[in-house]
Amino acid sequence: MGYKSLKNGLMVALLFAACNEADLDKLNPNGGTPESYYSTADELTKGVNAIYGKAQSIQLVAREWFFLHDLRSDDVASGGGQLEGARNQVLTGAHLPTNSVLTDVWSGFYRTIHRANSVIDGSANTKNISDELKARLVAEAKFLRAWAYSELVTLWGDVPLYQTTVKSLTESQARTPADEVLQFVISDLAEIQADLPLTYSGTDVGRVTRGAAQALLGRVYMERGLEYYDEAKTELDKVYTSGVYTLMDEYSDNFLEETAFNSESVFEIGFANDQFNWDADGNSAGNVEGNSRTQEYSAIGWRNLIPSNGLIAEYERTADGFPENDPRFSDNFYRIGDSFNNGSEVLTDALVQGNLSLLGGVQEKISWKKYTSLYKNNATFYTGAMNMRIIRFAEVLLNLAEVENELGNASTAIGYLNELRNRPSVSLPNYPIAGKFPVNSKDEIFKAIVHEKRVELAGEQHRNRDILRWRRQDKLTTEPISYFQENKFERLPIPQVEFATNASLTNADQNPGY
Amino acid sequence: MNKRKPIQRILIDFMKITVAQMILAGLCSALAFSFDTNGQEILDKKISLVVKNESAKSILNRIEKKAELKFTYQPQIVKNLKNISIDSPAISIKELLNEIFDSSVYYEVVGNQIILSSVDDAGPDVVTPERVEKFVLTITGTITDESGEVLPGVNVLERGTTNGTSTDENGKFNLNVADNNAILVFSFIGYATQEVPVGSRTVFDISLQPDATSLEEVVVVGYGTQKKSSVVAAISTVSSKEINALPVPSVEQALQGRAPGVIVTSNGAPGEAPLVRIRGINSINYASNPLYVVDGIAQVGNFNLFDSKDIESVEVLKDANSASIYGSRAAAGVILITTKKGARDSKLHVQLDSYVGVQNAWKQLDLLNRDQYIQYGTALLTNAGAALPPRFATMNEPIYEGSTQTFAQTETDWQDELFRSAPITQTSISVSGGNEKSRFYVSGGYFNQEGIMKGTGFERYNLRINSDHKIARRITLGHTLFIGTGKQQREQNAGGRTQIQNMIRMVPYIPVLNPTNIGGYGGTTGADGSDPQNPVRSAVQDLDVQNNTRILGTLFLEAELTKWLKYRVNIGADFNTGRQYIYQPIYNEGFNGRSQATLNDNRDNYFSPIYTNQLTFDRTFGKHYINAIAVMEYQSATSTSLDAAGNAATNEIKELNGLSNQAVTGTRDESVIYSYIGRINYEFANKYLLSASIRRDGASNFAPGKKFGNFPSIGIGWRISEENFLKNASAISELKLRGSYGELGYIPGNYLWQSTVSSSTNAVFGGQRSLGAYYDRLGNQALTWEVTKMTNIGIDAGFFRNKLTFSAEYFDRTTDNLILDVAPATSTGYSQPTSANIGDMRNWGFEFQAGYSENSGDLKWNLTGNIGVVKNDVRKLASATNTLDRGANGDYGNTDITRTEAGHPVQSFYGWLTDGIFQSADEVANAATQANAAPGDIRFKDVDGNGAIDAADRVYLGSFLPDFSYGLNFSANYKGLDATLFFQGVQGNEIYNGTRVLTEGMLRLFNSGTAVLDAWTPTNTDTNVPRAVNSDPNGNSRTSDRFIEDGSYFRLKNISVGYSVPEETLRAITKNTLGNLRVYVAAQNLFTITNYKGYDPEIGSRFSNQLTQGIDYGQFPQARTFLVGLQVGF
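Residues numbered from 1 in each chain as written. Chains lettered and ligands numbered in written order. Predicted model: local features only at pLDDT ≥ 70, side-chain atom pairs only at ≥ 80, totals over all residues. Heavy atoms only, no water.

A. Up close: the overall build of chain A. Counting its regular elements, chain A contains 17 helices and 12 strands. For chain A, whose C-alpha radius of gyration is 26 Å, the value lies close to the compact-globule estimate of 24 Å for 514 residues. On the principal axes, the C-alpha backbone points of chain A span a range of 115 × 55 × 50 Å. Put simply, of all contacts in chain A between residues at least 6 apart along the chain, 71% involve residues at least 24 apart. With an accessible surface of roughly 17800 Å², chain A has 50% of that area assigned to carbon and sulfur atoms. Here chain A carries 49 positive and 70 negative side-chain charges, and the mean point of each set is 3 Å from the other. (Helix = DSSP H or I, 4+ residues; strand = E, 2+ residues; numbered from the N terminus. Rg over C-alpha atoms; globule rule 2.2 N^0.38 Å. Contact = heavy atoms within 4.5 Å. Areas by Shrake-Rupley, 256 points an atom, 1.4 Å probe, with all protein chains shown as cover. Lys, Arg positive; Asp, Glu negative; His and termini not counted. Charge placed at Lys NZ, Arg CZ, Asp CG, Glu CD.)

Here is the structure:
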């Protein structure tokens, strides 16, 4: 090679090497940007799906949400040494603002709200989409946002309110009075009803229905105060008369994997698979969308929580002078000697670890059956595809009963209660129950409602909400929470991490007592 | 004749095959090796030549060019020759010379030089080519270094002539000289040149001494080399010998204790990349890993595929002056790795290294046996008012249906079951050689290490081919090529817990095996009230295998444009392909089980090409010396991953074929860096040194407008020993003061400034999954590099002809725009933090290094030591009160363990102070309110005096950062025997002993350490172990000084003793087949002096980047290894 020509060639190469610096512009190829996303029907649908995905995550319905409600209620007791510390703190009222259970639920709901806001804001730019579909998708997002806010207000009282997507770190909000938040929720839930269908089919089953919006709105009016029971009645009546919902003949069909989305289910969070997704937000590469409820409460295995003695005692037993035994007891609980795993095995004392309960003055091991999968297997480490019912028709009936009673319509109220007792698998005598539940006055009917609600909805995350509301509305005759302390336990503490990150809050904004 | 081929012949043949493969690989097009070219061949070489009436000088020039040889002669011998004409298509050199000189000169061939001398000088004999052989005086000899080791490649020259040679691989030479008036000159880089008159001797065994001023010693710096004496930066060089002293698979591990200021913390798990920290913790948010540059290719770590035997030298660039040439990626320091090239001694060198050894855990903890466990468990649960597990009452039942053994008869030592004696072996073979034109180095190796815990191991194959060639007089073409493939079987983390954690917690009355369980392993059930994972089952059945194949290659062309200006273009690429295969079969051991098998098959590819253009100016003007470079560089990196997963209802399917729930995700990450680099090194009179550089980097990692950054540096030096007033001080051989300042950058991950929509979640509708899309992070357009400003002051001194050397450094580095995660308000719903340049952290410290070597006599020895001191201080986080608290873990007390806060060292331990044990209810009542406290619980100190033990009573409890770290190496040689002792240690660091939370924490019912037998009871009050009470209501196991331990250790990292068979004996026995033979025995971690109570004070990091270093969650401990090895040279 000629030396000169080589030299020249190299110099050319050197100059050429000052390449194109446009290479430096790289955008993340693994996803779109928030500004450009949500522009098609498909993208908007996926945006909505992600809100459900969040609701279904470990921070909420797959784990911490049911723990938080149940632990704060008087429905459960510690199963024994396996109950983790943070949960035990909530159970005994020893929770601090740093408690991980309440922190998870708080962030879980706000992440739900963020995802909903992203869709609601983003829908403004969506093209090539039918008005009907767009309205429905936005309505679904608004429902899920409304549900999140209603839960936040129930648990924490005044909370920060974000009606649109947060665009910068400095946009964090101070607390908004609970009633204002509820008004926002009410206005959304009223407005979206027309955009939601009564039912879905195929792979849309499980999306928010008009009935769900009405039932939740009824619940929220009751939450807002006694003076809104008229409005609550209107909404709940819409559900009752829609013709869409009936009680299942078999009570336990509401808690089996095989009978999901049945005619009693108004709003339900779906799970799939038997693997559990440990990501806090339910984000994952893999298809793992299981529910941890069964492995947490199951009679065999960790048995973290067991039914409380109070709850057990609430069930009607002939031994206690009731005319009949309530069959819902054995639908909700396992006792030693019960069969499980499709009837192929019998629960023995050696299989069940942990604490004892009191039934009729005798100590024995009683465990949760509701929402556990022992009915069809013997796995202790099972995280099943057990859907969680957020609203079922039975609750609508019970809320209607309470509203009607409050509005002075005693017989209508009693009628709703008896509908539940007349469910074929239950078949208990109608109210009044002589010597136990007379229904001659508003107060007596209220007691019957409390009783019926507790046994019907045991372990379904309603009891805590009811106790908080009844306490606020001065309905409680005795305090059900043993550790209760006024001016503290009405609200959960706002998580410490919120104070650490939210410049609009100071420690003085903490709920009292913490 | 059918003679057996000598081994060298075979190896040359082998090499030719390799060469063919290389050509196929397209990496190098011109490889031609020639060996032992003899004079006759050159003289017989034919060229075509046509000249008309030209001078002898001009004809000789033409021959030089055509025949690529060189004539050396005194000018006067061609002066009086007549012009001649030649016209021949093929004429031999010999014929030409006879034509030109008309037989009036002697000529002698040395390499490709022909030395011409006058007949008159040599005597009256008739000149013929054979006259070459008439040099009568043949000198032979062996050249050794100061320690008696032979020195190959030493130049041997007859003074005043060009007659010379160099020593072979055995240090031997052979030279013909004119007569006994000749003077021999022996010279070698780094050694003092010696001149010896021939006189009456013909055998010269010379021992060269290191050059008093080390003038010629060269160190590798970024984009070039530099004389060591001229360096003004802080660079530590680690030799090939030191790198290869330990049987570790990666070069990073080999650096431990070798260079001051470099802290290496290894996880004992085979193949696991260690943590390397140069001069402290560089970043809070990122890994602080140094930049590695291998033969010019910059890359991020993990060198477990790399064979350290291929390494010529490792240079650690510690200060800004040396590292800032790597600009935006150099903030955590730079490690330059240079691989071997062949020697230019026209000889073939074949070296075989092999060792085999056995590794063992050097320590076990005292855990409860079966009866102690029942006793402890009964107390633990009874004190908490909880029911006992049904099993405690039914211990006489069989361990499984049909077994004749009962639980009461079962006693499993889970430490014995999980730990094992594990073999380790490595074999490497290298072939190298070269001459003036070409040189090469080829090596192949195999490494295999099983872990001391079942279910772990690392295996590797590697191959390297390096070569370079002068393809024209001024042009060199060269390449490096490395291919390695490895397979790592990783430690299992069943239930998200380390194997050690499961091993400690596993119940002693449970059998390892239980044939009635699905999967066949024993485990606890509901009846046991305890749910540890059987660690042996997960070790044996669950697989997490990482396969990697890496190719690293460079091709360079260097042209001498003029004597003082060189152009070099370097094209290289780093390619890695990996597969992680995770197989988790169905099993059921009771509490724990898996109802579906899970398979993960994760593939990743990494490709990073680099293109470097470099001009180097190097010239001396009188007393001024200037070396300057200008570089333009482009490097990009693309990583792609494809992760697939699926479930199976059977254990038969081991690949993703026909599985349920199959899911696939893929990602791509791309980055590009453009760089423009300039540097000038200036010296005046060998005394005053200046080095200044600047690098301008443009990176794709930032938002438009934020992509470019400048990284300047300057260094100055003063060689006081060259000043007249010191030049004659014979004791002082070197004294240099130096200082530097510069800026270095750190590039965070790709796309951090952007907010991205991700489609990685699902909702379930109608039993079917439906994909969901969301974004959970705010971007930051203003994001830019972390920039570290660094000052360094150093002194180098050498005494008594550098027998004693010493150097000291002081450094101070601050980063005032650290990228930190700014957590958005939880209520904004963004779950991921936004990155912003807001932090400020300072690291500063001292480094000392000293060496002494004694090279005379039969016993030669040397001692080197180094100490590094690094201090760290966080100066600013997101706000003055912002803290980063990390390490909370339900199994370890559930409170955060470290806190990072302005005014304190990064990730300091943070928790409560213990104040003894409550002995009575009165004491509890009189103390500060402590929720759920009872007699027997730990009393914590009410530091803030508010009458209650709360979060505000936490204080700083120490740091994982040592006061200093050090290494001490002693080597000695006595005749054929050699010995090395290498000590290494750290002093003054704290460890949060998480294994003691497991063995003494008594959080829930699990097996524990024997310490719990001494738990407080009303009758056992003289103890420091609190009462056993299930679920720890008082928080006795919260983070406190109770579990903080001194992590200092002093360790005999390596001891080896070897014997080399004397060469003459060896050659005689092996009929010249073997050139050298050394056998040795060695031990690693033979003893460790430490007060640390866990398995090993050298704890790797479990979560490398989460401010949890120094917490022992039960990390894989270091093994004690014994090995025997063999080194053979042919």
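B. Examining the pairing of strand β28 (residues 565–584) of chain B more closely. All names here are of chain B. As paired strands, strand β27 (residues 543–562) and β28 are joined by 19 bridges and run antiparallel to one another. Paired with Asn548 across the bridge in β28 is Gly578. The hairpin formed by β27 and β28 contains 2 residues between the paired strands. (Pairing = 2+ DSSP bridges.)

C. Spotlight on the interface of chain B and chain A. Contact residues are listed per partner, giving 84 residues for chain B and 86 residues for chain A. Here chain B meets chain A over a buried area of about 7300 Å², counting both sides, of which 59% is carbon and sulfur. Considering only the side of chain B, the residues that lose the most area to chain A are Phe765, Thr826 and Ser827 of chain B, jointly responsible for 10% of the buried surface there. Between Asp25 of chain A and Lys707 of chain B there is a salt bridge, with its nearest N and O atoms 3.8 Å apart. One can count 22 residue pairs in polar contact (both at pLDDT 80 or more) joining chain B with chain A. No other element matches strand β33 (residues 660–684) of chain B, which puts 12 residues into the side of chain B that touches chain A. (Buried area = accessible area lost by both parts, 1.4 Å probe. Salt bridge = Lys/Arg side-chain N within 4 Å of Asp/Glu carboxyl O. Polar contact = N/O pair within 3.5 Å; in protein donor to acceptor, adjacent residues only side chain to side chain.)

D. Expanded view of the sheet that holds strand β20 (residues 311–317) of chain B. Residues and elements named next belong to chain B. Spatial ordering of the open sheet is given by β15-β20-β21-β18-β19, a layout of 5 strands whose pairing is mixed. The open sheet is flanked by β15 (235–239) and β19 (297–299), the only strands paired with a single partner. Taking the axes of each pair of neighbouring strands and ignoring which way they run, one obtains an average angle of 20° across the sheet. Pairing of β15 with β20 involves 5 bridges; the strand directions are antiparallel. Residue pairing in the sheet places Thr237 in a bridge with Glu315 of β20. (Axes fitted to C-alpha atoms, helices over the stretch in contact; angles between N-to-C directions.)

E. Highlighting the sheet that holds strand β10 (residues 183–188) of chain B. All names here are of chain B. Taken in spatial order, the 4 strands make up an open sheet running β8-β7-β10-β11, and their pairing is antiparallel. Since the sheet does not close on itself, it has two edges, and those belong to β8 (164–166) and β11 (191–197), each with one partner. Direction aside, neighbouring strands of the sheet carry axes that sit 15° apart on average. Relative to β8, strand β7 (residues 155–158) runs antiparallel, the two being bridged by 3 bridges. Across the sheet, Asn155 pairs through a bridge with Ser166, a residue of β8.

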